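Listed below are the residues making up each chain.
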There are 2 protein chains.
Amino acid sequence: MNVVNIIRSKRDGQELSDADIDALVSAYTSGDVPDYQMAAFLMAAFKSGMTTHEMVALTRSMLHSGVVLDLSDLPGIKVDKHSTGGVGDKISIPLAAIVSACGVPVPMISGRGLGHTGGTLDKLESIPRFSTSMDIPAYRSQLADLGVVMIGQTDDIAPADKKIYALRDVTATVEFIPFIAASIMSKKLAEGIDALVLDVKFGAGAFMKQEQDARRLAETMVRLGEAFGTKTVALLTRMDTPLGAAVGNWVEVAESIDVLGGGGPPDVLALTLALAAEMIVLGGKAADVREAEHLARGVVESGAAMRRFEALVRAQGGDVDVVRHPDRRPGSAAVSEIRVPEGVGGYVTAIDAMAVGLASVALGAGRRRKEDAVDPVAGFTLLKKPGSVVQEGEVLALVHASLSSGEHVASAGADLLAAFSFGEAPGEAPPLIVDRLDATGWKRS
Amino acid sequence: MNVVNIIRSKRDGQELSDADIDALVSAYTSGDVPDYQMAAFLMAAFKSGMTTHEMVALTRSMLHSGVVLDLSDLPGIKVDKHSTGGVGDKISIPLAAIVSACGVPVPMISGRGLGHTGGTLDKLESIPRFSTSMDIPAYRSQLADLGVVMIGQTDDIAPADKKIYALRDVTATVEFIPFIAASIMSKKLAEGIDALVLDVKFGAGAFMKQEQDARRLAETMVRLGEAFGTKTVALLTRMDTPLGAAVGNWVEVAESIDVLGGGGPPDVLALTLALAAEMIVLGGKAADVREAEHLARGVVESGAAMRRFEALVRAQGGDVDVVRHPDRRPGSAAVSEIRVPEGVGGYVTAIDAMAVGLASVALGAGRRRKEDAVDPVAGFTLLKKPGSVVQEGEVLALVHASLSSGEHVASAGADLLAAFSFGEAPGEAPPLIVDRLDATGWKRS
C-alpha cells in the first residue's frame, strides 16, 4: 500500500478500491499510518465525496477492525434501534422493554451523552447500582435468558471507529454524511443484529439542522444496512422541542417508567410506539405496523413491558425498588421552580431544544468533556410545552440537582427560561414523525 | 485561535483573515499545532483553493517565520534568479558570474537536487573544496566585496516552509500552485533581494507538465513578488529535452565554464543571456533587454565574467586550478560510451528529459532520499541532441562516474539510450523561451 497514492486518488476524485480502503483503515488502526496522513485522507474524502461502494468498504473495514459478535445461534430475529441524538430522548428505555416483551430479542449497545444531547448509558446508570458494562459471554447469556440487554460500547468493538472519530473531531471532518453513517453502522453491525431501526432527527436540537441532510443520512445508513444484509428502517423525526417533559438522567428514567405504566407525555409515547412497531415487524412478530403497534400497546396495558424492564434492571444489578417507586430515589427532589415572568402570558410557542440541552449540561446532567462525571439527578421537568396556555407567575418548569450550588441552579434556570418563547396564539404543531424510509424508498407508513 | 474553526472555514471555501493564517503558520512552526491539523488544513486549501489575499498572507507568514535578511545598507539593486527545476539546468552558475560582472549584486541562495532534477548546490560542491555554507555576516561581506555569493538555504530562513514542505510531501498536497508559489517566494523574499527573475519551466522534464499550469504558477509568483514590492519577471521556458550537453554535477560545472569562456551549447547560452538581460535591466544597469544582452555578451568576451567566477570560487574556498583546467579534476574521465544501436540512423528526434534525469539519479548524480550523498563526477554528456544526424555505431553520449560499479554504469547507460528517439526527419524544434511575464502581463519581449 502506498498511502500517499491513496490520498492523492481520493483528492483527485477517483473511486478507491476495497483493498485500498481496507489497507488504509487497518494500517491506521494499528498505528502504521500516522494521524497526519489519515487527516489528509479524511479531508480529501470530505471534499471529494465518497461513492456508495467506498462507503460500504469503509464501513466493512471499521466493522471488522475489532470483535464482530455472532448471535446467530440464539433464537429469534435480533433487532436494535439507534437514534442520531436529541434532547429528552429517553425512547430507548421504554422501547427495549416493550419490544422485548413482544418476543423480539433486543441486544442494545448504547452511548454516553456528548455535546448538548444525553446518552442512554448515563440515564440507565442513574438507577442506583445499574451496571452497563458486561463481558461478551454475560451479554449473550442475558440476551438468551431475558430477551433484552443494554450495555455500553466495549473497547474491542470497532476500534477503528473510535480512533477515526477522535481524529475527525480535531480536523473539522465531523459533519460528513459518509463518515457519520459509517461510524454508526460499523458499531451497530458489529453487534450481530439481524435488523435495525433508525431514528434520524433534524432540527434545532439535532446534529442535523436541515431536513434534507437528515434524509441523506437516513438514505446512506439504510443503503449500508442493506449492503450488509441487515434490514434497516429509518424514521425521520423532528427535534426542535425536547421530547417529553423530562430532560436529564434520572428524570428521564422516571418518565420512561411512566410510559411503561401506561402514562407519560404523548410525544414520547407516540415515538416509542412508532419505533416499537417497526422493530416488532422486523422481528417477525407482526405482519404490519398496525398489528405491531397493537401488540406494543398490549404489553404496556398488561404490565408485561414494565415487568420486563424490572427484570432488566434486576439482571444488570440495578435497584428495582426505586424503579417501582421513583419518588423514593435519594436526592431527587426539585430544587427550584421556574415561573412565567411578569407581564408574560398567552401560549408557549416554542422551546429551543438546543438551549435546553446546553442548560442541562451546564447544570451537570451532561458532559463538557468526555472525562467529566454526570450528576444523575440533575435535570429539568418541563411542565409546559409548545401549545400550553400560560399565565404570569405560573410554574413553567422544575430544576433538579443533587448539588446545592445555588449559582449553578440559578444560571441553569435562567438559561432554561430563555429557551421558552411565548406568544398570543398557540402556533403551529408540525408532526413529530415526518417520514419513513426502508429499502424500497421513502413513504410515511 | 481556534484551529478547528480555521480548518472548517477553509474547508467550506471561506477566505481566511491574515490573522488566522499567521496564527496557524506560527503555531505550526512552533509545534503548538500538530501535524494532523496542518495536514487537514493543507488538504482543505488544496481542494477549496486560495485567494490572492490568502496566498500573500501565507507567504508573509512563512517568510517571517525565521530570519529576514536586510541588505538595504549594501549598494546596488540586489537581484536573484530562481528556476522551477529541470534536467541539465546549470544556468545559475554562468548567470551569477555574468550578471555580477555587469555590476548587479547577486545574492543567490540555491537548493539541492531533488527528484529527477539537479541542484545548484550539488553542482558547485563538485568543485573540490567549494563551500556552500556560510554565516550571515560572511554572506553579507562577500556580497559587498565581490558582488556575488552562492550558498544554500540556512535553517533560520523560512523554517515554516521547511516544515510545511515535509508535510506536503507525505500528504499528497505538493502539486498545488498557491503552496508551490508561497514556498518559493517566501524563501526568496527572505533573502533581502530587490528584484527576482524566475525561470518557470514546463514539459516532460519539469515539475509542471502542462504549459497552462506553468503559466498559472508564473502569474501567481509575479503577483506575490509585486505584493511584497519585489519586482519580479518570469520567463516561461520549455523543459522537454535536457538543457545543453551535460547532465550531472561536475560535468555541468565544466559546461558552465565553457559558456563563460565564450563557448558552450547554444541553448544554454541563449537561456543564460535571456535571464541575464532581465536581471541586468532589473538591476538598473541597462535600459532594455537588448542593451542588457549586449552588456552580458561583453563581459563574456572580455573575460570579466570568467574572472568573476574564479573570484567566487576562490572566495568560497574552491579549487581555482580545476576551474581553469577542468580536465585536471581527479576522477572525471568518461567510463563508458553509448552508441547508436544497430539498424538505427537518421535523426535524433527527441531526448526525454525526465528519463535522462532519472538515469542520472540512478547513476549517483542525484538523490533518491534527502540524506543520500551524490557522486560529484557522475553524469552524462549528450553528444547528439534533437535534430542531430546520427549513424549506426556512432557515439551518442558519454557516461561518467567515479564508481567502478560496472552494473550501475551499464544500466544507467541503457536507460540513457532508451531516452533517445530516432526518426527519418529532424522533427520540429519549438522555441526554448516561450513567453515572458511581468507585472504588466504576458508578452514575449
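Rules used in this analysis
Residues numbered from 1 in each chain as written. Chains lettered and ligands numbered in written order. Predicted model: local features only at pLDDT ≥ 70, side-chain atom pairs only at ≥ 80, totals over all residues. Heavy atoms only, no water. Contact = heavy atoms within 4.5 Å. Buried area = accessible area lost by both parts, 1.4 Å probe. Salt bridge = Lys/Arg side-chain N within 4 Å of Asp/Glu carboxyl O. Polar contact = N/O pair within 3.5 Å; in protein donor to acceptor, adjacent residues only side chain to side chain. Helix = DSSP H or I, 4+ residues; strand = E, 2+ residues; numbered from the N terminus. Least-squares fit on C-alpha atoms with pLDDT ≥ 70 in both. Expected span 1.5 Å × (residues − 1). Core = buried A, V, L, I, M, F, W, Y, C linked by side-chain atoms within 4.5 Å. Buried < 20%, exposed > 50% of the residue type's maximum accessible area, 1.4 Å probe, protein only. Pairing = 2+ DSSP bridges. Axes fitted to C-alpha atoms, helices over the stretch in contact; angles between N-to-C directions. Domains from an automatic or database assignment. Nonpolar A, V, L, I, M, F, W, Y, C, P; charged D, E, K, R; others polar. Phe/Tyr/Trp six-rings, centres within 6.5 Å; stacked < 30°, edge-to-face > 60°. Lys NZ or Arg CZ within 6 Å of the ring centre and 35° of its normal.

A. Local environment of the interface of chain B and chain A. The interface of chain B with chain A comprises 21 residues on the first partner and 21 residues on the second. Carbon and sulfur atoms supply 67% of the area that chain B and chain A bury against each other, a total of about 1800 Å² over both sides. It is Arg11, Tyr36 and Lys47 of chain B that lose the most area in chain B upon contact with chain A, and together they represent 36% of the buried surface on that side. The tally of links between chain B and chain A comes to 4 salt bridges. Between glutamate 175 of chain B and arginine 11 of chain A there is a salt bridge, and its shortest N-O distance comes to 2.8 Å. If you look at where chain B meets chain A, you find 12 residue pairs in polar contact (both at pLDDT 80 or more). At the level of elements, helix 1 (3-11), helix 3 (35-48) and helix 8 (159-170) of chain B are the ones that each hand at least two residues to the side of chain B that touches chain A. Considering every element that reaches the side of chain B that touches chain A, the biggest residue donor is helix 3 of chain B, with 10 residues.

B. Summary view of the side chain of threonine 84 of chain A. Assignment of secondary structure puts threonine 84 of chain A in the loop between strand 1 (79-83) and helix 5 (92-101). Aside from chain neighbours lying at most four places away, what touches threonine 84 of chain A is Ile184, Asp199, Val200, Lys201, Phe207, Leu217 and Met221 of chain A.

C. View of the relation of the copies chain B and chain A. At an RMSD of 0.1 Å, chain B and chain A line up after a rotation of 180° and a shift of 0.2 Å along the axis. Here the copies are linked by what is in effect a two-fold axis. The rotation axis passes nearest to the C-alpha of tyrosine 36 of chain B in chain B, at a distance of 1.8 Å. In this assembly, 100% of the residues forming the interface of chain B have copies in chain A that are likewise at the interface, indicating an isologous arrangement.

D. Geometry of the pattern of salt bridges. Applying the stated criterion across every chain yields a total of 57 salt bridges over all chains. With a shortest N-O distance of 3.2 Å, glutamate 293 of chain B and arginine 297 of chain B are connected by a salt bridge. Residue glutamate 293 of chain B and its partner arginine 297 of chain B are both found in helix 13 (residues 289-301); the two are separated by 4 residues, about one turn of the helix. Connected through salt bridges with shared partners, the residues Arg8, Arg11 and Asp12 of chain A together with Glu175 of chain B form a single ionic network.

E. Quick look at helix 2 (residues 18-30) of chain A. Residue and element names in this part refer to chain A. Relative to the 18 Å expected for 13 residues at 1.5 Å per residue, helix 2 spans 18 Å between its end C-alpha atoms, a close match to the ideal helical length. Close packing links the buried residues of helix 2 with helix 1 (3-11), helix 3 (35-48), helix 4 (52-63) and helix 8 (159-170). Looking one or two places after helix 2, you find glycine 31, whose phi comes out positive at around 95°.

F. Up close: the nonpolar core. Membership of the largest hydrophobic core comes to 136 residues, with the highest contact counts inside it found for Phe41 of chain A together with Phe41 of chain B. Residues within four places of phenylalanine 41 of chain B in sequence aside, it is in contact with Ile6, Ile7, Lys10, Leu16 and Leu24 of chain B. Of all hydrophobic cores here, the second largest spans 83 residues; its members include Ile93, Leu95, Phe309 and Leu382 of chain A.

G. Seen up close, the environment of lysine 209 of chain A. All names here are of chain A. Inspection of the secondary structure puts lysine 209 in the loop between strand 4 (195-202) and helix 10 (211-227). Distance in space between the C-alpha atoms of lysine 209 and arginine 368 is 21 Å, their sequence separation being 159 residues. Leave out the neighbours within four places in its chain, and lysine 209 touches Phe202, Gly203, Ala204 and Met354. Only 2.6 Å separates the side chain of lysine 209 from the backbone oxygen of alanine 206, close enough to count as a polar contact.

H. Inspection of the sheet that holds strand 14 (residues 441-442) of chain B at higher detail. All names here are of chain B. One open sheet holds the 5 strands; their spatial order is 1-4-5-13-14, and the pairing between them is mixed. Whereas interior strands pair on both sides, the edge strands pair on one side only; in this sheet they are strand 1 (79-83) and strand 14. Both strand 5 (residues 231-238) and strand 13 (residues 433-438) contribute to a ladder of 4 bridges, which runs antiparallel. The partner of alanine 234 across the bridge, within strand 13, is leucine 437. The strands touched by helix 10 (residues 211-227) are strand 4 (195-202), strand 5, strand 13 and strand 14; relative to strand 5, the strand with the most contacts, the crossing angle is about 170°. Contacts from helix 12 (residues 266-282) reach strand 1, strand 4, strand 5 and strand 13, with the element oriented near 150° to strand 4.

I. Just the domain arrangement of chain A, in detail. Residues and elements named next belong to chain A. Domains assigned within chain A are domain 1 (3-49), domain 2 (79-325) and domain 3 (330-423). Placing the centre of domain 2 and that of domain 3 at their C-alpha centroids yields a distance of 25 Å. Each partner contributes to the interface: domain 2 provides 25 residues, whereas domain 3 provides 25 residues. At the surface where domain 2 touches domain 3, the tally comes to 2 salt bridges. We note a salt bridge from aspartate 267 to lysine 385, for which the minimum N-O separation is 3.2 Å. Linking domain 2 with domain 3 are 9 residue pairs in polar contact (both at pLDDT 80 or more), by the criterion used here. For the side of domain 2 that touches domain 3, the elements supplying multiple residues, two or more each, are strand 6 (246-248) and helix 11 (250-260). Looking at the side of domain 2 that touches domain 3 element by element, the count peaks at 3 residues for strand 6. Classifying every residue of the side of domain 2 that touches domain 3 by side-chain character gives 11 nonpolar, 9 polar and 5 charged.

J. Helix 11 (residues 250-260) of chain B, seen in detail. Residues and elements named next belong to chain B. Of all 11 residues in helix 11, 10 are buried, a share of seventy percent or more. Listed as buried for helix 11 are Trp250, Val251, Glu252, Val253, Ala254, Glu255, Ser256, Ile257, Val259 and Leu260. At the C-terminal side of helix 11, glycine 262 shows a positive phi close to 100°.

K. Expanded view of the sheet that holds strand 9 (residues 379-382) of chain B. Residues and elements named next belong to chain B. Overall, antiparallel pairing links the 4 strands, which are arranged 6-9-11-7 in an open sheet. Sheet topology places strand 6 (246-248) and strand 7 (334-339) at the edges, where each strand pairs with a single neighbour. Taken over all neighbouring pairs, the strand axes of this sheet differ in orientation by 20° on average, direction set aside. The pairing of strand 9 with strand 11 (residues 395-400) spans 4 bridges and is antiparallel.

L. Highlighting the packing of aromatic side chains. Summed over all chains, the structure comprises 6 aromatic pairs over all chains. Their ring planes at 80° and their centres at 4.7 Å tell us that phenylalanine 176 of chain B and phenylalanine 179 of chain B sit as a pair that is edge-to-face. The rings of Phe46, Phe176 and Phe179 of chain A are connected pair by pair, giving a single aromatic cluster. The ring of tryptophan 250 of chain B is capped by arginine 329 of chain B, whose NZ or CZ atom sits 5.6 Å from the centre of that ring.

M. Region of interest: the environment of arginine 129 of chain B. Residues and elements named next belong to chain B. Mapped onto the fold, arginine 129 is located in the loop between helix 6 (120-124) and helix 7 (136-146). Take arginine 129: its relative accessible area is 61%, and that puts it in the exposed class. It is 9.3 Å that separates the C-alpha atoms of arginine 129 and valine 313, two residues lying 184 residues apart in sequence. Non-local contacts of arginine 129, meaning those with residues more than four positions away in its chain, are made with Gln316, Gly317, Gly318 and Asp319.

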